[in-house]
Amino acid sequence: MARVISLLENRDPLGAAVLTHVAPSLNRALVIGITGYLGTGKSTLIDQLITAYRRLGEKVGVLAVDISSPVTGGAVLGDHIRMQSHTDDAQVYIRSMATRGHQGGLAAATRQAVRVLDAAGFGVILIETVGVGQSDVDIMQVAHTVVAVVAPGLGDDVQAMKAGLLEVADIVAVNKGDREGADAALRDLREWCKAVIRAVAVKGEGIAELIAVIAEHERWRDLDRPALHNRRGPSIDLGSRTG
Ligand SMILES: Nc1nc2c(ncn2[C@@H]2O[C@H](COP(=O)(O)OP(=O)(O)O)[C@@H](O)[C@H]2O)c(=O)[nH]1
Ligand SMILES: [Mg+2]
């Protein structure tokens, strides 16, 4: 699997050939995009999501996509450290994907890697991307459900989120809910998006709720109904989901 993904990343024609033979487009896996600024706690959250989905009996694949390698060079290493508790689990596959050239190629390779994991029986595929807005859009076309992770205390972060991240997000997770400013961020974001949850990833809080909201979004997607997010039509009331 790792070798095929490397071939695809390098746009080696052998990769495409292998893909055709061993990885039909099954579209069985639940593909979840996790996006947001560096340091908001995406990898920590993913580590918790891996644990939770494994408890549900799923095989879990993670693709950590590094769009801007020179800037976030340390992020990939950090991601692996934070997800290390799963390295001995054969039902968990974690892979960093770096840009080999331009962004479009990375999106294509990511889409193909999802296909490889799907064919290998991974029921849940989590894609971590760093960034906001346009740079993420390509990658997010690969995901069924996109979770934007924000953290309080990053200044005008929330404003930027509204302009950029919320464009691609189906669900917003306000992580670092143990920090000052979390309540204000939650209040603020709930005016923009109905599917806003609070999480404290380091303590595993809010994870069950996040999984429930993702499942809910998936159900609506399957029914071809308007998504939870305002931008895609009328939102449904998820009720009180905090605490
Ligand atoms: N206080 C607090 N810190 C957190 C929480 N979640 C993650 N962190 C810390 O935030 C830092 C960045 O986390 P990381 O998962 O690498 O963020 P990423 O860059 O978005 O993947 C790490 O030091 C984490 O331990 C949280 O819920 N509360
Ligand atoms: Mg990370």
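Predicted model only: the values in this text are computed from it and were never measured.

Q: Before we go on, may I ask you to explain unusual backbone geometry in this structure?
A: The bulk of non-glycine residues show a negative phi, and the bulk of peptide bonds are trans. Notably, Arg 11 is not glycine yet its phi reads approximately 55°, a positive angle. Note on Arg 11: relative accessible area 48%, which makes it partly exposed. Of note in the backbone geometry, Lys 176 takes a positive phi value of approximately 60° without being a glycine. Along the chain, Lys 176 turns up in the loop between strand E6 (171-174) and helix H9 (182-190).

Q: Which parts of the structure should I look at to understand the pairing of strand E4 (residues 124-130)?
A: Looking along a regular strand, one sees the side chains alternate between the two faces of the sheet. When you tally the buried positions in E4, you get seven out of seven residues, the bulk of the element. Residues of E4 alternate between two faces, with Val 124, Leu 126, Glu 128 and Val 130 on one and Ile 125, Ile 127 and Thr 129 on the opposite face, all of them buried. Bridging between strand E1 (residues 30-36) and E4 involves seven bridges; their strand directions are parallel. Bridge pairing in E4 places Gly 33 opposite Ile 127.

Q: When you look at the pairing of strand E5 (residues 145-150) in this model, what are you seeing that I'm missing?
A: When you tally the buried positions in E5, you get six out of six residues, the bulk of the element. Residue alternation in E5 divides its side chains into two sets, Thr 145, Val 147 and Val 149 and Val 146, Ala 148 and Val 150, and both sets are buried. One ladder, built from four bridges, connects E1 with E5; its direction is parallel. Counterpart to Ile 34 in the pairing with E5 is Val 147. Sheet topology note: the E5/E6 ladder contains four bridges and is parallel. Counted as the bridge partner of Val 149 is Ala 173 from E6.

Q: What is the right way to read the nonpolar core from this model?
A: One broad rule of soluble globular proteins: the nonpolar side chains tend to lie buried together. If you look at the biggest cluster of nonpolar residues, it comprises 40 residues, and the most contacted ones within it are Ile 32, Ile 50, Tyr 53, Leu 126 and Val 147. If we ignore the near neighbours within four places in the chain, the residues touching Leu 126 are Ile 32, Ile 46, Leu 49, Ile 50, Val 60, Gly 61, Val 62 and Leu 63.

Conventions we followed
Residues numbered from 1 in each chain as written. Chains lettered and ligands numbered in written order. Predicted model: local features only at pLDDT ≥ 70, side-chain atom pairs only at ≥ 80, totals over all residues. Heavy atoms only, no water. Buried < 20%, exposed > 50% of the residue type's maximum accessible area, 1.4 Å probe, protein only. Helix = DSSP H or I, 4+ residues; strand = E, 2+ residues; numbered from the N terminus. Pairing = 2+ DSSP bridges. Core = buried A, V, L, I, M, F, W, Y, C linked by side-chain atoms within 4.5 Å. Contact = heavy atoms within 4.5 Å.

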